[in-house]
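# Reading the structure
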Amino acid sequence: MPPKNPAEPSAVVPLERITPEFSRRIPLAKLGRPLEACVEANAEEREALKQRFGLVSLSQLKCEFQLQRGQDGIVLAGGHLHAKAEQACIITGEPVEEVLNEVFQLRFVPEFAMPADDEIDIESLLQEDADDVPYDGRMIDLGEAAAEQLALCLTPYPRRAGAGLESFVDVTPSDDELDAGSGAERKTPFDILKKMQEK
């Protein structure tokens, strides 16, 4: 029997779930009553998250959760995020420090109960106080939830104090410079080459 062609669909190995850089999973069975939990990323996890989010540095990521079991497998979560990060200034490239102290609300929803992409009403979604986070129905991942909140809370276009648009070099010639240039004799590369051959 000829060997299977690796390109054939039957030979393709299914992809496994990607393990988050910062994972703190809690079984749903622990949530029979309200629960408080605190998760904090260690140095190795912060380094991995720094790479993931393109940060200059991430010296702290800590999050406190208050969890409560809801109906139909939904877990209600209140969170308080503490983080210290540095991003590159969009104008100068210099590090811009950011200290985050943010409160947020989440709802962990079983994956099978999440609406399909074409069923999502964006306007209704924006009016909700809590973001929906899918989970596998057995365990919720507080570490990944904290990492996602970090990404949402970071300043989208960080700018160092004092760095404004005036820091850009204006390379566009003015109208006067254009007029002056149009009257002057302009040399082409062929003119320069001809002059070199004459020497």
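Below or above, wherever it landed, is the structure these notes cover. Quantities reported herein were computed from a predicted structural model and do not represent experimental measurements.

On to the environment of Pro110. Summarising the element assignment, Pro110 is placed in strand S5 (residues 95-110). Separated by 27 residues in sequence, Pro110 and Gly137 place their C-alpha atoms 4.8 Å apart. If sequence neighbours within four positions are ignored, Pro110 has contacts with Asp72, Gly73, Ile74 and Tyr135.

Orientation of helix H1 (residues 43-53) relative to helix H3 (residues 142-153), taken along the N-to-C sense of each, is 45°, at an axis distance of 12 Å. Between H1 and H3, the interaxial angle falls into the category oblique. Every pair of crossing elements has a handedness; the one defined by H1 and H3 is right-handed. Contacts from Leu49, Arg52 and Phe53 in H1 reach Glu144, Ala147, Glu148, Leu150 and Ala151 in H3.

Bringing H1 into the picture now. Those residues of H1 that fall on the buried side of the exposure criterion are Glu45, Arg46, Leu49 and Lys50. Looking straight down H1, one finds its buried side chains confined to an arc of 145°; they lie on one side. Set apart from the buried face of H1 by more than 90 degrees, the exposed residues are Glu44 and Gln51. Buried residues along H1 sit against strand S2 (35-40), strand S3 (57-69) and H3. Between a side-chain oxygen at the N-terminus of H1 and the backbone nitrogen of Glu44 the separation is 3.1 Å; the capping residue is Asn42.

Overall, the coordinates contain one aromatic pair when judged by the stated rule. Their ring planes at 80° and their centres at 6.0 Å tell us that Phe65 and Phe104 sit as a pair that is edge-to-face. Of this pair, Phe65 sits in strand S3 while Phe104 sits in strand S5, placing them 39 residues apart in sequence. Residues Phe65 and Phe104 agree in their burial class; the two are buried.

For the coordinates displayed, the defined rule picks out eight salt bridges. Glu144 is the salt-bridge partner of Arg52, the closest N and O atoms lying 3.0 Å from each other. With a gap of 92 residues between them, Arg52 in helix H1 and Glu144 in helix H3 connect regions that are remote in the sequence. We classify Arg52 as partly exposed; its relative accessible area is 35%. The closest approach of N and O atoms between Asp132 and Arg107, which form a salt bridge, is 2.8 Å. One end of the pair, Asp132, is in strand S6 (residues 131-135); the other, Arg107, is in strand S5, with 25 residues separating them in the sequence. Salt bridges linked by common partners bring Glu21, Arg52 and Glu144 together as one network.

Quick look at the sheet that holds strand S4 (residues 75-88) now. Strands sit in the order S2-S3-S4-S5-S6 across an open sheet of five strands; the sheet is mixed. A strand with exactly one partner marks an edge of an open sheet, and here the two such strands are S2 and S6. Each neighbouring strand pair of the sheet contributes to a mean axis angle of 30°, computed without reference to strand direction. Bridging between S3 and S4 involves twelve bridges; their strand directions are antiparallel. Its bridge partner lying in S4, Gln66 is registered against Gly78. Sheet contacts for H3: S2, S3, S4, S5 and S6; angle to S5, the most-contacted strand, approximately 130°.

What counts, and at which threshold
- Residues numbered from 1 in each chain as written.
- Predicted model: local features only at pLDDT ≥ 70, side-chain atom pairs only at ≥ 80, totals over all residues.
- Heavy atoms only, no water.
- Helix = DSSP H or I, 4+ residues; strand = E, 2+ residues; numbered from the N terminus.
- Contact = heavy atoms within 4.5 Å.
- Axes fitted to C-alpha atoms, helices over the stretch in contact; angles between N-to-C directions.
- Parallel < 35°, antiparallel > 145°, perpendicular 65-115°, else oblique.
- Left-handed = near helix turned anticlockwise from the far one by under 90°.
- Buried < 20%, exposed > 50% of the residue type's maximum accessible area, 1.4 Å probe, protein only.
- Arc of directions from axis to C-beta.
- Polar contact = N/O pair within 3.5 Å; in protein donor to acceptor, adjacent residues only side chain to side chain.
- Phe/Tyr/Trp six-rings, centres within 6.5 Å; stacked < 30°, edge-to-face > 60°.
- Salt bridge = Lys/Arg side-chain N within 4 Å of Asp/Glu carboxyl O.
- Pairing = 2+ DSSP bridges.

These values are about where atoms sit, not about what they do.
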